[in-house]
Amino acid sequence: MVAFATIPAFSFQGRPEPGDDPTPPPPGFPIDGFVSVFIAAGAVMGIRSINKKK
């Protein structure tokens, strides 16, 4: 269902006009730095809690 909604959104994008700025927009928020540390810490805590329940 999601694919049917997103494919037309990408396929019907307009062409840039001759006066438009050709440079691409800046990249979005990078997922690096402490985000990977938080994911690893959450995984370790989850594994510990599963092992304590056993």
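Presented here is a report on the structure given in the accompanying data block. (Residues numbered from 1 in each chain as written. Predicted model: local features only at pLDDT ≥ 70, side-chain atom pairs only at ≥ 80, totals over all residues. Heavy atoms only, no water.)

### Structural notes on the overall build of the protein chain
Turning to step 1, where the next piece is worked out: Scanning the protein chain for helices and strands turns up two helices and zero strands.
Turning to step 2, where the next piece is worked out: Within the protein chain, the proportion of its 54 residues that are buried is 0%.
Turning to step 3, where the next piece is worked out: As presented, the protein chain carries roughly 5600 Å² of accessible surface, and 70% of it is formed by carbon and sulfur atoms. (Helix = DSSP H or I, 4+ residues; strand = E, 2+ residues; numbered from the N terminus. Buried < 20%, exposed > 50% of the residue type's maximum accessible area, 1.4 Å probe, protein only. Areas by Shrake-Rupley, 256 points an atom, 1.4 Å probe, with all protein chains shown as cover.)

### Observations concerning a nonpolar patch on the surface
Turning to step 1, where the next piece is worked out: Taken together, the side chains of Phe34, Val37 and Phe38 present a nonpolar region at the surface, about 370 Å² in accessible area.
Turning to step 2, where the next piece is worked out: Mapping Phe34 onto the fold places it in helix α2 (residues 34–53).
Turning to step 3, where the next piece is worked out: Note on Phe34: relative accessible area 62%, which makes it exposed. (Patch = residues over 30% accessible without salt bridge, like charges linked within 9 Å, V, L, I, M, F, W, Y side chains within 5 Å. Salt bridge = Lys/Arg side-chain N within 4 Å of Asp/Glu carboxyl O.)

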